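Notes for the structure review
For reference, the chains in residue letters:
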Amino acid sequence: MKTAERNSAGCADAPVPLRPHRYPAWLVFFTALLLGAILYSATLIPPYLDAFVALHRAKAAVAAGDRAASEARLLDVLHAFPSSKPARIEIAVLLLANPAEAQQRRGLGYLEGIKLGKYEWQRVSAVLPEKFRNAFSPVTK
Amino acid sequence: MFIIPGFLIAIVTFPGVIAHEVGHRFFCDLADVPVYEVCYFRIGNPSGYVIHVPATSLRASFLVTIGPLIVNSVLCAVICFAPIIALNLDVADLPGVFLLLLWLGISIGMHAFPSPQDAENFSRAVRASGRRGLLYLVAKAFQFLVRLANALRFLWFDLFYAAIIASLTPVLITHATTG
């Protein structure tokens, strides 16, 4: 983790410098492995990237008051990754805020089996109708 | 604050130590600074080193010092891109390669900042240069930042820096796609 400087001027038996841009074979091998892992992850990333962008577009849409567009984007995310926790919470909050009970029940369904953190629970409880409060129970860590 | 001995952190994050020394070595070669010996990783203090002749110019010294910051930061951002995107979605059954890459990327990012020894070498070069131009001012500002970063290591500054660099590209994508 450091560079040490050596003044070799005037030394008759000064060591020979290493050849520039020459690296040990094990380092080249591990760099190749690393590149392989990055390339492999690059082949896996497109659906994740699409879902990531859709999730943020959904958040932007709901902030702009376009709830229909937000729901459509969130459904795109959940179509690709049904277990995505942030997408499930976002769509649940969106649907629970809807006055129609059928939509609220749909929203509740997205939260099934999810453990909510303090901040997440604050968001959900802000729109959670009173009649559904007994569907949730506190858990200890 | 939770304090872990530096050598243990170096062992767990050894890819970062190796990348750090590669950064020094690569920029020594770019700046035509002869290198005599390189230890990419070892268990001890320091956990890696590059022995080279003193850089003959402030520019060369700056390049050799800043090398790991550039190499490790770029590698951290590239390697962590896919895992951070996937982690943001918080899905079940995350591919194992993402977790491996996350460890690699964060390890490398944690060793991006030049070490106190690097800062000392650079300070010496700044003093020896006797220059008072723009490069000198940039050099002094950089020297201050390196010292500050090293002083803040016990507050896990290196981990915070790695996390910020790793999250940077996904954050930029978010801004670009949502306006």
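So, here is what we can say about the structure in this document. (Residues numbered from 1 in each chain as written. Chains lettered and ligands numbered in written order. Predicted model: local features only at pLDDT ≥ 70, side-chain atom pairs only at ≥ 80, totals over all residues. Heavy atoms only, no water.)

**Section: the overall build of chain B**
What counts is decided by this rule: Per the convention used, a helix needs a DSSP run of H or I reaching at least four residues, while a strand needs a run of E reaching at least two, with both numbered from the N terminus. Note that the radius of gyration is over C-alpha atoms, with the globule rule given as 2.2 Å times the number of residues to the power 0.38. Relative accessibility decides the category of a residue: with a 1.4 Å probe and only protein chains considered, values under 20% of the type maximum give buried, values over 50% give exposed, and everything between is partly exposed. The contact rule is simple, with two residues in contact once any of their heavy atoms fall within 4.5 Å.
Secondary structure summary: chain B contains 7 helices and 2 strands in total. Across chain B, helices and strands are ordered from the amino to the carboxyl terminus as α-α-β-β-α-α-α-α-α. Over its C-alpha atoms chain B spans a radius of gyration of 18 Å, differing by no more than 12% from the 16 Å that the globule rule assigns to 179 residues. With the C-alpha coordinates of chain B rotated into their principal frame, the extents come out at 55 × 45 × 35 Å. For chain B, the proportion of its 179 residues judged to be buried stands at 55%. Taking contacts inside chain B between residues at least 6 apart in sequence as the whole, the part at least 24 apart equals 73%.

**Regarding the environment of A19(B)**
All names here are of chain B. Along the polypeptide, A19 turns up in helix 2 (residues 14–30). Judged by its relative accessible area of 9%, A19 falls in the buried class. The sequence separation of A19 and P68 amounts to 49 residues, and the corresponding C-alpha distance is 7.2 Å. Once residues lying within four places of it in the same chain are set aside, the contact partners of A19 are V71, N72, L75 and I108.

**Some points on the interface of chain A and chain B**
Just so we agree on the cut-off: When two components associate, each loses some accessible surface as probed by a 1.4 Å sphere; the sum of these losses over both components is called the buried area. We count a salt bridge whenever a side-chain nitrogen from Lys or Arg sits within 4 Å of a carboxyl oxygen from Asp or Glu. When residues are sorted by character, Ala, Val, Leu, Ile, Met, Phe, Trp, Tyr, Cys and Pro go into the nonpolar class, Asp, Glu, Lys and Arg into the charged class, and all the rest, Gly among them, into the polar class.
Counting from both sides, the interface comprises 42 residues of chain A and, opposite them, 56 residues of chain B. In this assembly, chain A packs against chain B so that about 4,200 Å² is buried in total across both faces, 69% of it on carbon and sulfur atoms. Counting across the interface, chain A meets chain B through 0 salt bridges. Only strand 1 (2–5), helix 1 (25–63) and helix 3 (85–96) of chain A provide two or more residues apiece to the side of chain A that touches chain B. Looking at the side of chain A that touches chain B element by element, the count peaks at 18 residues for helix 1 of chain A. Residues of the side of chain A that touches chain B, tallied by class, amount to 27 nonpolar, 8 polar and 7 charged.

**Thoughts on a nonpolar patch on the surface**
Residue and element names in this part refer to chain A. Spelled out, the test is: The residues that make up patches have over 30% relative accessible area and no salt bridge, and they are joined within 9 Å when like-charged or within 5 Å when they are Val, Leu, Ile, Met, Phe, Trp or Tyr. Calculation of accessible area relied on Shrake-Rupley with a 1.4 Å probe; when residues are assessed, cover is drawn exclusively from the protein chains displayed.
On the surface, W26, F29, F30 and L33 cluster together to form a nonpolar patch covering roughly 440 Å² of accessible area. For L33, the location among the structural elements is in helix 1. For L33, a relative accessible area of 47% translates into the label partly exposed.

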